[in-house]
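Structural description and commentary
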Amino acid sequence: MLEQTYTLAQVAANNGSEGSRVWIIIKGVVYDVTDFIDKHPGGGELITEYAGKDATKAFNQAGHSSDASADLKKYRIGIVAEKVPVPAENRYSNQSQISLTPSAKSEKRRRIKFLFCV
Ligand code: HEM
């Protein structure tokens, strides 16, 4: 069966406010960590800070053990349907992405075709 998908807006709505659940995103996977908050060895606040948001970098930087990653699996509820934009402060490099113009794209295609023809 296909895995449940969620939009970023749906994840953002589950940020613990007004009795909602607490969802976080780690590497494109959505976790409902509501029942884990009080059990978190690092304290609940570290998790609620990322309620409804992408916590990939914080999760990785905490140097979690493989036990922590195994724990995480229990809370998996689906995946994000959209590409998760990485906030500027979380990017490893501040190099901006180069996107090709339509004419540059067709030139690239032409060159690829050429390579396969000779
Ligand atoms: C949302 C972002 C998260 C942050 C920033 C974070 C941060 C931390 C930090 C700083 C510690 C060390 C605490 C200490 O040494 O006293 C810790 C420990 C731990 N965290 Fe998290 N945590 C997050 C989410 C999670 C999640 C979702 C899980 C699993 C469901 C998890 C599982 C654990 C476990 C099992 C430990 C104990 C040490 C280990 O086995 O790695 N954490 N966390």
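This is a predicted model, so every value here is computed, not measured. (Residues numbered from 1 in each chain as written. Predicted model: local features only at pLDDT ≥ 70, side-chain atom pairs only at ≥ 80, totals over all residues. Heavy atoms only, no water.)

**Examining the site of the ligand**
Near the ligand you find 18 residues, and of these Phe36, His40, Pro41, His64 and Ser65 are the closest. With respect to the ligand, the side chain of histidine 64 contributes an N or O atom lying 2.7 Å from a nitrogen atom. Counting residues per element, the shell around the ligand draws most heavily on helix α4 (residues 66–73), at three residues. Along the lines of polarity and charge, the residues of the shell around the ligand split into 13 nonpolar, four polar and one charged. (Near = heavy atom within 4 Å. Polar contact = N/O pair within 3.5 Å; in protein donor to acceptor, adjacent residues only side chain to side chain. Helix = DSSP H or I, 4+ residues; strand = E, 2+ residues; numbered from the N terminus. Nonpolar A, V, L, I, M, F, W, Y, C, P; charged D, E, K, R; others polar.)

**Regarding unusual backbone geometry**
Glycine aside, residues mostly have negative phi, and peptide bonds are mostly found in the trans state. If you check the backbone angles, glutamate 18 has positive phi at about 50 degrees while not being a glycine. Within the secondary structure, glutamate 18 is located in the loop between α1 (8–13) and β2 (23–26). Relative accessible area serves as the criterion here: at 84%, glutamate 18 is assigned to the exposed category. With a phi close to 50 degrees, lysine 27 is a non-glycine residue in the positive phi region. Residue position: lysine 27 is located in the loop between β2 and β3 (29–32). Given the relative accessible area of 63%, lysine 27 is considered exposed. (Buried < 20%, exposed > 50% of the residue type's maximum accessible area, 1.4 Å probe, protein only.)

**Here we look at the coordination of the iron atom of the ligand**
Listed as protein donors to the iron atom of the ligand are His40 (NE2) and His64 (NE2); their distances from the metal cover 2.0 Å. Around the iron atom of the ligand, the six donor atoms are arranged such that angles at the metal cover 84 to 179 degrees; this shape is classified as octahedral. Residue histidine 40 is located in the loop between β3 and α2 (44–48), and its partner histidine 64 is located in the loop between α3 (56–61) and α4; the two are separated by 24 residues in the primary sequence. Judged by relative accessible area, which is 15%, histidine 40 ranks as buried. The partly exposed category is assigned to histidine 64, whose relative accessible area is 31%. (Donors = N, O, S within 2.8 Å, 3.2 Å for Na, K, Ca; no water. Tetrahedral: all angles 85-135°; square planar, octahedral: opposite > 155°, others 65-115°.)

**As for a nonpolar patch on the surface**
A surface patch of nonpolar side chains, amounting to about 370 Å² of accessible area, comprises Ile112, Leu115 and Phe116. Considering the arrangement of structural elements, one finds leucine 115 in helix α5 (residues 102–117). (Patch = residues over 30% accessible without salt bridge, like charges linked within 9 Å, V, L, I, M, F, W, Y side chains within 5 Å. Areas by Shrake-Rupley, 256 points an atom, 1.4 Å probe, with all protein chains shown as cover. Salt bridge = Lys/Arg side-chain N within 4 Å of Asp/Glu carboxyl O.)

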